[in-house]
Structure formats: C-alpha cells, structure tokens
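One-letter residues, chain by chain:
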Amino acid sequence: METVAWSKPEPERAGTPLLVMLHGYGTDETRMAELFGSLPSEFSCAALRGPKVIGDDYGWFLLDYFLTHDFADVVSATNSVFAWIEAVKARHSSVSLLGYSQGMAMASTLLRLRPEAFRAVVGLSGFVLDNELLAMSESFDTQPPFFWGRDKQDSVINDAATAHTEEWLHQNTQLTARSYPGMGHSIAPAELVDVCAFLRHYVLR
C-alpha cells in the first residue's frame, strides 16, 4: 500500500491494537480517516488507499451495479493488503479490520483467507463476495466476531448480495448485526457508537 493515513504518529503505535480501515468504491483513504476521532483511542487506525484507479478516486477492484467482479483483481488487491499487514503487525498487539461498502467485501475476503490473523471485523453498508473459489478455500476453526451495520433500505447493495451476505455471516461468524433506518448508504453517528462498543468488547477487553 503506497498511501496510508494513520491516526497516531509512529512513536505512539508500538504495542497498540491495529485497526486496518478499507474505504469504499470511488473514494479514498480520507473517507476512513474522518472516522478516526469516533473510534476508541486505544487503537492505531490505518486507513489504506485501494490500488485500483476509479476516475479521480480509488477502489479495490472493478465493480458494476450487480457487484460482479474479476476474481484476479480481488486476489491482487487482497495480496497487497496482506503484504502490508505482514510488514507492520509485529509492532501491534492484534489486528482487526473495518471496511465500508466495497471495503467490507475486502475485509470479509481477508478474513475468509486467513481467519486466524484477525481479532475482529467490522463491515459497514457493504457485502460479502459471492464467489465459489473463495467458498472452497474457507476453513474456520472458530467463528470470528463480526459487526455488520446497515440500513435495510440501502439501495446501493442489491437484494441478492444482501441475502448472500446475511447467510454467509450467520453461518461463519459470531455476528452482531445492527440496522439504522434512514441512514442510507453511509455511516451514522449511532452506528459508530455501536462499533466502538463492539471493538472494546472483542478487542480491548
């Protein structure tokens, strides 16, 4: 990852839990950096910029309205994030993930490939990829804690993707699911309060 926004200067990160933050499609790391002040201060938050250029912004892999994807693109982006995490994780007490929209697809893909690597995962207004190759590679010894927040009327994530996401999360994770009517495809203050409680319970406790 060539561009990363941190919530703490480097001297203050040692020994802290790391929260890797993954933005949505057609935006960048600054969208996630705006959330730093609303998350538990004990974390070192790192907002990564996706590698795929989308107009004047960025994403993790190409995506259309139906959320179809090129699996090679997904693997390439996932490997880039894994390589970055490997380079920094020794300085931290644990690693957790937070993904918004397409970033939730990335966060859940990282979890599916290396479930033992992450303490907890937060997915906001996003989805889990419906992909047979990923499903074949899954192996969960235990159900990892996963927070899923959304507005049930969010029209950006189509019904088929939402149904698959709900089924996969219930089958494979220790799920905390919350809905926020009227939020739309965004992140609400009330949602961040719940995210903080989730992270404190599963990571800081």
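Residues numbered from 1 in each chain as written. Predicted model: local features only at pLDDT ≥ 70, side-chain atom pairs only at ≥ 80, totals over all residues. Heavy atoms only, no water.

**Observations regarding the overall build of the protein chain**
Helix and strand counts for the protein chain stand at six helices and nine strands. Taken over the C-alpha trace, the protein chain has a radius of gyration of 15 Å; the compact-globule value for 205 residues is 17 Å, and the two agree within 12%. Its C-alpha atoms give the protein chain principal-axis dimensions of roughly 45 × 40 × 30 Å. Across the 205 residues in the protein chain, those meeting the buried criterion constitute 52%. By sequence separation, contacts in the protein chain at least 24 residues apart represent 78% of the contacts at least 6 residues apart. Of the roughly 9300 Å² of accessible surface on the protein chain, a fraction of 49% belongs to carbon and sulfur atoms. (Helix = DSSP H or I, 4+ residues; strand = E, 2+ residues; numbered from the N terminus. Rg over C-alpha atoms; globule rule 2.2 N^0.38 Å. Buried < 20%, exposed > 50% of the residue type's maximum accessible area, 1.4 Å probe, protein only. Contact = heavy atoms within 4.5 Å. Areas by Shrake-Rupley, 256 points an atom, 1.4 Å probe, with all protein chains shown as cover.)

**A few points about helix H5 (residues 159–172)**
Here H5 contains 14 residues, and its C-alpha end-to-end distance of 20 Å stays within 8% of the 20 Å for a straight helix at 1.5 Å per residue. Of all the residues in H5, the buried ones are Ala161, Thr162, His164, Thr165, Trp168, Leu169 and Asn172. Summarising the axial view, the buried residues of H5 lie within an arc of 165°, below the 170-degree limit, and thus occupy one face. Summarising the geometry of H5, the exposed residues directed more than 90 degrees from the buried face are Asp159, Ala160, His170 and Gln171. Its side-chain oxygen placed 3.2 Å from the backbone nitrogen of alanine 160, asparagine 158 serves as the N-cap of H5. (Expected span 1.5 Å × (residues − 1). Arc of directions from axis to C-beta. Polar contact = N/O pair within 3.5 Å; in protein donor to acceptor, adjacent residues only side chain to side chain.)

**With respect to the environment of glutamine 143**
Mapped onto the fold, glutamine 143 is located in the loop between helix H4 (132–137) and strand E8 (145–150). Residue glutamine 143 is classed as partly exposed on the basis of its relative accessible area, which comes to 42%. For glutamine 143 and phenylalanine 118, which are 25 residues apart along the polypeptide, the C-alpha to C-alpha distance reads 11 Å. At a separation of 3.2 Å, a polar atom in the side chain of glutamine 143 contacts the main-chain carbonyl oxygen of glutamine 171.

**Observations concerning the packing of helix H2 (residues 71–88) against helix H3 (residues 102–113)**
Here H2 crosses H3 at 75°, and the two axes come no closer than 10 Å. In terms of their interaxial angle, H2 and H3 are classed as roughly perpendicular. Listed contacts from H3 to Val74, Ala77, Thr78, Val81 and Phe82 of H2 are Met106, Thr109, Leu110 and Leu113. Tallied by class, the residues present in the contact of H2 with H3 amount to seven nonpolar, two polar and no charged. (Axes fitted to C-alpha atoms, helices over the stretch in contact; angles between N-to-C directions. Parallel < 35°, antiparallel > 145°, perpendicular 65-115°, else oblique. Nonpolar A, V, L, I, M, F, W, Y, C, P; charged D, E, K, R; others polar.)

**Digging into H2**
The end-to-end C-alpha separation of H2 is 26 Å, in line with the 26 Å expected for 18 residues at 1.5 Å each. As for H2, its buried residues are in contact with strand E1 (4–6), strand E2 (18–22), strand E3 (44–48), strand E4 (52–54), strand E6 (95–100) and H3.

**A short note on unusual backbone geometry**
Backbone geometry at serine 101 places phi at a positive 55°, although glycine is not the residue there. Its location among the elements puts serine 101 in the loop between E6 and H3. In this structure, serine 125 is a non-glycine residue whose phi angle is positive, near 50°. With respect to the helices, strands and loops of the structure, serine 125 is situated in the loop between strand E7 (121–124) and H4.

**Remarks on the packing of aromatic side chains**
Per the counting criterion, the structure on display carries five aromatic pairs. Between phenylalanine 82 and phenylalanine 118, the aromatic rings sit 6.5 Å apart at their centres with planes inclined by 20°, giving stacked as the arrangement. Here phenylalanine 82 is found in helix H2, whereas its partner phenylalanine 118 is found in the loop between H3 and E7, with 36 residues between them in sequence. For phenylalanine 82, a relative accessible area of 5% translates into the label buried. Accessibility expressed as a relative area gives 7% for phenylalanine 118, which makes it buried. Here phenylalanine 140 and tryptophan 168 contribute two aromatic rings whose centre-to-centre distance is 5.8 Å and whose plane-to-plane angle is 70°, an arrangement assigned as edge-to-face. (Phe/Tyr/Trp six-rings, centres within 6.5 Å; stacked < 30°, edge-to-face > 60°.)

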